[in-house]
Amino acid sequence: MQPAVPDPPPMNGKLRLTPALSDAPIGVPTRKNGAMSQPSTQGQVQHAQPSVGSIAAHRPHTLAAAVSDLDPDIDADLDAYDEDGQVGHDGAELPQGRFLDRERSWLAFNERVLELAEDPNTPLLERANFLAIFASNLDEFFMVRVAGLKRRIATGVATRSASGLQPREVLELIWNRSRELMARHAACYQEDVAPGLADEGIHLVRWNELTEKEQSRLFTLFRQQIFPVLTPLAVDPAHPFPYISGLSLNLAVVVRNPVSGHTHFARVKVPPLLSRFLEASPQRYVPIEDVIAAPAHLAELFPGMEIQEHHMFRLTRNEDLEVEEDDAENLLQALEKELMRRRFGPPVRLEVEESIDRNVLDLLVRELKISEAEVYPLPGPLDLTGLFGIAALDRPELKYPKFIAGTHRDLAEVESASAPDIFAALRERDVLLHHPYDSFSTSVQAFLEQAAADPDVLAIKQTLYRTSGDSPIVDALIDAAESGKQVLVLVEIKARFDEQANIKWARKLEEAGCHVVYGLVGLKTHCKLSLVVRQEGESLVRYSHVGTGNYHPKTARLYEDLGLLTAKQEVGADLSDLFNRLSGYSRRETYRRLLVAPKSLRDGLISRINKEIQHHRAGRPAYVRIKVNSMVDEAVVDSLYRASQAGVPVDVWVRGICAVRPGVAGLSETIRVRSVLGRFLEHSRVFAFGNGGEPEVWIGSADMMHRNLDRRIEALVRVTDPAHRAALNRLLETGMSDTTASWHLGADGNWTRHALDPEGQPLRNVQEMLIDARRRRRGTATP
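Residues numbered from 1 in each chain as written. Predicted model: local features only at pLDDT ≥ 70, side-chain atom pairs only at ≥ 80, totals over all residues. Heavy atoms only, no water.

1. Observations regarding the packing of aromatic side chains
One pair of aromatic rings is described through two measures. These are the centre distance and the angle between the planes.
Reasoning step 1: In the structure shown here, the tally under the stated rule is ten aromatic pairs.
Reasoning step 2: Geometrically, the ring pair formed by phenylalanine 141 and phenylalanine 142 is edge-to-face, given 6.1 Å between the ring centres and 90° between the ring planes. For the pair shown, phenylalanine 141 and phenylalanine 142 are each scored as buried.
Reasoning step 3: Seen in terms of ring centroids, phenylalanine 403 and tyrosine 437 are 6.4 Å apart; in terms of plane orientation they differ by 50°. Their pairing is tilted. Pair noted here: phenylalanine 403 is in the loop between helix 9 (387–391) and helix 10 (422–428) and tyrosine 437 is in the loop between strand 14 (431–435) and helix 11 (444–453), with a separation of 34 residues, a long-range link.
Reasoning step 4: Three or more aromatic residues link up through ring pairs in this structure, and these residues are Trp106, Phe109, Phe141, Phe142 and Tyr376.
Reasoning step 5: Across the ring face of phenylalanine 277, the terminal group of arginine 276 is positioned such that the distance to the ring centre comes to 5.4 Å.
Reasoning step 6: The ring of tryptophan 653 has lysine 627 lying over it, and the distance from NZ or CZ to the ring centre is 4.8 Å. (Phe/Tyr/Trp six-rings, centres within 6.5 Å; stacked < 30°, edge-to-face > 60°. Buried < 20%, exposed > 50% of the residue type's maximum accessible area, 1.4 Å probe, protein only. Helix = DSSP H or I, 4+ residues; strand = E, 2+ residues; numbered from the N terminus. Lys NZ or Arg CZ within 6 Å of the ring centre and 35° of its normal.)

Right, dumping it as structure tokens:
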């Protein structure tokens with residue numbers, strides 16, 4: 001149970017949070033009416049996207065290339081907000097210290113991922129998967145957030161955060177907390193997961209635990225497949241210290257020349273394209289670095305030298321991109337050049353084996369120009385992102401029960417092998433999709449494939465933020481262009497860690513005859529939109545899809561997302577207007593059924609939150625229910641505080657970062673914050689309002705962060721079908737229910753897991769409930 005939070009005392013007639021609840025006093029620059037006042041672009045970090053909450057499908061250094069995005073969005077939000085002078089619903093100034101610290105909140109998110117790995121009720125290979133997710137998330141956090149913070153401190157542009165912490169305080173908080181979490185992470189692997197896997201016949205062993213036969217087999221493998229690609233690099237007056245690439249595993253080797261008696265340092269890079277764990281014999285796996293570091297194998301690398309010691313280390317670098325679009329004549333070429341520069345970003349973390357020799361460590365610290373505070377000694381093996389490969393082993397009894405999504409019932413009343421006629425279904429009704437419970441391939445993918453093959457379709461317009469390596473979406477767009485249809489594709493080539501892949505797709509689409517554009521200067525295009533224009537008799541009919549997730553068939557099986565398929569002409573007209581804005585010159589800022597960032601989305605949501613105050617005062621039904629990945633934007637958070645002060649019930653279901661302090665007397669007593677993590681990534685964004693008894697519900701791509709609301713093209717669509725609105729409200733109610741397993745956020749910023757009822761029985765899992773509901777429709781529900 002969370003400790004009771006004392007009522008904060010009044011000060012000078014104003015409510016202020018007690019020091020125990022405040023991260024630090026606040027004093028930051030100003031945001032006026034939700035818009036930025038002359039934001040500095042210097043040192044700004046532009047974007048990243050967690051299977052719980054952002055894994056990294058897009059990260060080439062992991063084996064989870066299909067599972068990206070367990071981390072909550074970790075872009076740098078550098079915009080400042082005037083905390084002082086913001087007033088509550090009664091005109092009184094809102095208290096200082098009312099925002100939780102963003103970096104602390106992100107680390108708390110990754111701790112929730114770790115808790116799933118530590119949970120003995122989680123299937124064993126899923127626990128290994130969550131360990132890999134935790135490690136991958138933390139890699140990206142250091143590459144982007146920590147790197148950005150260090151850069152801003154170095155350039156003198158860093159200011160006090162919205163939580164009131166100074167930049168150096170935030171950095172020290174990150175170092176200390178991440179050190180604790182990494183120690184827990186290593187202990188979970190060493191003491192729990194690895195022994196548990198061994199009990200199930202999956203042995204993760206070190207070199208000295210191998211049998212003589214296994215070592216002999218691996219020696220042959222080393223000579224034939226590993227040795228030829230290794231390059232030992234000496235360090236001496238004739239050989240400068242080598243460049244150490246980010247996230248690579250390396251051996252620091254100390255050798256002695258028996259003739260001269262001199263000792264020398266050398267570095268051997270572990271080849272990143274080889275398997276992280278090698279199978280020594282059936283179901284027995286050894287880290288590849290152990291194979292390279294075996295005494296006989298190092299002797300092959302340094303013949304005639306005496307091997308005195310060796311140690312593993314791993315460096316994390318700043319991997320963020322900075323492209324000045326205003327100065328780039330060709331954004332594609334500018335980004336390609338910047339991708340080359342990414343490899344040489346400054347270091348932000350050094351992981352070493354805890355047994356490393358002090359002299360070797362001093363050499364690494366000195367040559368890499370890294371501080372002692374950024375050194376993380378850990379038990380081996382380092383880099384547990386390699387557990388993605390172990391988690392992929394074919395042992396279904398050690399994983400979540402398999403679930404295969406079916407076709408949405410509104411698209412095909414009876415399951416069959418034939419593809420549904422999407423256009424005919426949409427002429428009858430709107431279709432609200434909920435992935436992965438509803439199949440992506442027989443809905444959104446089928447929608448675009450049918451459009452590409454239909455001779456009556458004249459045009460397709462599509463946004464692409466991330467997609468898969470063998471994307472049927474891209475194939476459908478190419479087929480459409482080659483058949484003579486007009487195809488416009490907006491490719492966001494600045495999608496972090498997918499830049500190279502998206503450049504590839506952009507060029508492939510251009511070669512096929514698609515019109516490819518890259519959006520608006522200074523803004524990322526993050527909205528998820530598809531528009532099909534079809535000739536039907538004498539009329540042109542527009543069919544639309546607005547979603548919360550990427551057009552990525554693989555992650556659509558792992559991410560929880562929503563999408564609206566509709567033939568409603570007001571939505572089609574809105575999408576036409578928005579695509580015209582993205583591809584040409586348009587200053588349209590208002591739409592029929594869309595809220596679009598950066599112009600109308602924040603203000604549109606805040607105005608609706610404010611209306612709930614009016615409804616509540618008038619005695620009409622009023623509530624605010626929000627489901628997002630991140631809740632950081634101070635203007636939105638302050639509007640929720642004002643609604644709570646007026647008595648409006650406010651529920652926030654957030655996957656990752658949250659700046660809201662719920663349950664503070666006089667400020668947020670009616671606010672509840674919950675987080676759900678599990679087998680699927682909770683990725684959808686939903687905004688629901690009581691609206692005096694006529695519920696209003698929106699879905700779309702935007703999280704409540706500065707970058708989404710100020711520096712991205714985001715879109716929310718209003719859901720008008722009463723049955724769909726009711727279904728979405730039921731989803732929100734289920735996620736927030738005290739009988740549903742979740743984490744609860746306290747006013748002190750601590751999250752408490754609620755997984756058992758008072759009798760010690762497991763609480764309902766919302767994802768398993770939704771899986772079972774789909775199975776019941778098909779008559780395959782679990783008993």
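Continuing now.
2. Some remarks on the sheet that holds strand 5 (residues 203–204)
Reasoning step 1: Spatially, 5-10-9 is the arrangement adopted by the three strands of the open sheet, whose pairing is mixed. Two strands lie at the open edges of the sheet, namely strand 5 and strand 9 (277–281), each paired on one side alone.
Reasoning step 2: Helix 4 (residues 212–226) contacts strand 9 and strand 10 (284–287) of the sheet and is inclined by roughly 135° relative to strand 9. (Pairing = 2+ DSSP bridges. Contact = heavy atoms within 4.5 Å. Axes fitted to C-alpha atoms, helices over the stretch in contact; angles between N-to-C directions.)

3. Describing the side chain of lysine 485
Reasoning step 1: Assignment of secondary structure puts lysine 485 in the loop between helix 12 (472–482) and strand 16 (486–491).
Reasoning step 2: Lacking a salt bridge, the buried lysine 485 has aspartate 454 as its closest oppositely charged neighbour, with an N-O distance of 6.4 Å.
Reasoning step 3: Within the structure, the side chain of lysine 485 is placed 3.2 Å from the backbone oxygen of alanine 452, a separation counted as a polar contact.
Reasoning step 4: The residues touching lysine 485, leaving out its near neighbours within four places in the chain, are Ala451, Ala452, Ala453, Asp454, Pro455, Val457, Leu458 and Ala480. (Lys, Arg positive; Asp, Glu negative; His and termini not counted. Salt bridge = Lys/Arg side-chain N within 4 Å of Asp/Glu carboxyl O. Polar contact = N/O pair within 3.5 Å; in protein donor to acceptor, adjacent residues only side chain to side chain.)

4. So, a negative patch on the surface
Reasoning step 1: Side chains of Glu449, Asp475, Asp479 and Glu482 sit close together on the surface and give a patch of like negative charge.
Reasoning step 2: The greatest single-element share of the negative patch, amounting to three residues, is contributed by helix 12.
Reasoning step 3: Residue placement: glutamate 449 occurs in helix 11.
Reasoning step 4: By relative accessible area, which is 34% here, glutamate 449 ends up partly exposed. (Patch = residues over 30% accessible without salt bridge, like charges linked within 9 Å, V, L, I, M, F, W, Y side chains within 5 Å. Areas by Shrake-Rupley, 256 points an atom, 1.4 Å probe, with all protein chains shown as cover. Charge placed at Lys NZ, Arg CZ, Asp CG, Glu CD.)

5. Digging into empty space enclosed by the protein
Reasoning step 1: A volume near 190 Å³ is recorded for the largest cavity.
Reasoning step 2: Around the largest cavity, the lining comprises 20 residues; the ones closest to its centre are His185, Glu351, Leu378, Asp383 and Leu384.
Reasoning step 3: Of all the secondary-structure elements, those providing two or more residues to the lining of the largest cavity are helix 2 (124–155), helix 3 (167–199) and strand 12 (347–353).
Reasoning step 4: Take the lining of the largest cavity: its biggest share by element is five residues, from helix 3.
Reasoning step 5: Among the residues making up the lining of the largest cavity, the classes are represented as eleven nonpolar, four polar and five charged.
Reasoning step 6: Lining the second largest cavity are 16 residues; nearest its centre among them are His435, Phe440, Gly549, Asn550 and Asp561.
Reasoning step 7: Elements supplying a minimum of two residues to the lining of the second largest cavity: strand 20 (539–547) and strand 21 (559–566). (1 Å grid on protein atoms, 1.4 Å probe; cavity = no way out; pocket = protein on both sides within 12 Å on 5 of 7 lines; lining within 4 Å. Points joined across faces, edges and corners; volume = space filled by probe spheres on them. Nonpolar A, V, L, I, M, F, W, Y, C, P; charged D, E, K, R; others polar.)

6. Structural notes on the pairing of strand 7 (residues 249–256)
Looking along a regular strand, one sees side chains alternate from face to face of the sheet.
Reasoning step 1: The buried fraction of strand 7 amounts to seven of the eight residues, a majority that puts the element mostly inside the structure.
Reasoning step 2: Here eight bridges tie strand 7 to strand 11 (residues 306–317), and the two strands are oriented antiparallel to one another. Across the sheet, the residue bridging to valine 253 is histidine 310, located in strand 11.
Reasoning step 3: What sits between strand 7 and strand 8 (residues 263–269) in their antiparallel hairpin is a turn of six residues, with glycine 261 showing a positive phi close to 80°.

7. Comments concerning the confidence of the model for the chain
Reasoning step 1: Overall, the prediction assigns the chain a mean pLDDT of 85, with 82% of residues at 70 or greater.
Reasoning step 2: Across residues 1–72, where pLDDT falls below 50, the model places 276 contacts with residues more than four positions away in sequence or in other chains. (pLDDT = per-residue confidence, 0-100.)

8. Some thoughts on the nonpolar core
Reasoning step 1: Judged by nonpolar contacts, the single largest core of 122 residues is most densely connected at Ile390, Met631 and Met704.
Reasoning step 2: Among the elements that take part in this core, helix 2 stands out by supplying 14 residues, more than any other.
Reasoning step 3: Sequence-distant contacts of methionine 704, that is, excluding residues within four places in its chain, are made with Leu601, Leu605, Val628, Ser630, Met631, Val632, Asp633, Val636, Phe687 and Leu709.
Reasoning step 4: Listed in part, the 42 residues of the second largest apolar core include Phe403, Leu488, Leu490 and Leu564. (Core = buried A, V, L, I, M, F, W, Y, C linked by side-chain atoms within 4.5 Å.)

9. Let's talk about unusual backbone geometry
Reasoning step 1: The omega torsion across glycine 380 and proline 381 is 0°, close enough to zero to call that bond cis.
Reasoning step 2: Its location among the elements puts proline 381 in the loop between strand 13 (375–378) and helix 9.
Reasoning step 3: Histidine 435 connects to proline 436 through a cis peptide bond whose omega is 0°.
Reasoning step 4: If you trace the backbone, proline 436 turns up in the loop between strand 14 and helix 11.
Reasoning step 5: Despite not being glycine, glutamine 283 has its phi angle at roughly 65°, a positive value.
Reasoning step 6: In this fold, glutamine 283 is placed in the loop between strand 9 and strand 10.
Reasoning step 7: Given the relative accessible area of 26%, glutamine 283 is considered partly exposed.

10. A closer look at helix 11
Reasoning step 1: Summarising burial for helix 11: eight of the ten residues are buried, a large majority.
Reasoning step 2: Along helix 11, the residues classified as buried are Val444, Gln445, Ala446, Phe447, Leu448, Gln450, Ala451 and Ala452.

11. Notes on the side chain of serine 742
Reasoning step 1: Residue placement: serine 742 occurs in strand 30 (residues 742–745).
Reasoning step 2: Look at serine 742 and you get buried, because its relative accessible area is 2%.
Reasoning step 3: Of note is the side chain of serine 742, whose polar atom sits 3.3 Å from the side chain of histidine 744.
Reasoning step 4: Apart from residues lying up to four places away in sequence, serine 742 is in contact with Arg674, Ser675, Val676, Thr752, Arg753 and His754.

12. Topic: the packing of helix 11 against helix 12
Two quantities define a packed helix pair, namely the angle between the axes and the distance from one axis to the other.
Reasoning step 1: Interhelical geometry of helix 11 versus helix 12 gives an angle of 15° and a closest axis separation of 8 Å. Regarding the angle of helix 11 to helix 12, the classification is roughly parallel. In the packing of helix 11 onto helix 12, the handedness of the crossing is left-handed. When helix 11 is examined against helix 12, the residues Gln445, Leu448, Glu449 and Ala452 are found in contact with a partner set consisting of Pro472, Ile473, Ala476, Asp479 and Ala480.
Reasoning step 2: Its residues placed into classes, the contact of helix 11 with helix 12 shows six nonpolar, one polar and two charged. (Parallel < 35°, antiparallel > 145°, perpendicular 65-115°, else oblique. Left-handed = near helix turned anticlockwise from the far one by under 90°.)

13. Details of the pattern of salt bridges
As a working rule, side chains carrying opposite charge can pair if their charged atoms are close by.
Reasoning step 1: Considering all chains together, one arrives at 44 salt bridges under this definition.
Reasoning step 2: The salt bridge partner of aspartate 119 is arginine 753, with a shortest N-O separation of 3.0 Å. Linking aspartate 119 in the loop between helix 1 (102–118) and helix 2 with arginine 753 in strand 31 (residues 751–754), this pair joins segments that are 634 residues apart in sequence.
Reasoning step 3: Residue arginine 753 is classed as partly exposed on the basis of its relative accessible area of 31%.
Reasoning step 4: Arginine 672 is the partner of aspartate 651 in a salt bridge, and the nearest nitrogen-oxygen pair spans 3.0 Å. You can see aspartate 651 sitting in strand 24 (residues 650–654) and its partner arginine 672 sitting in strand 25 (residues 671–675), a full 21 residues away along the chain.

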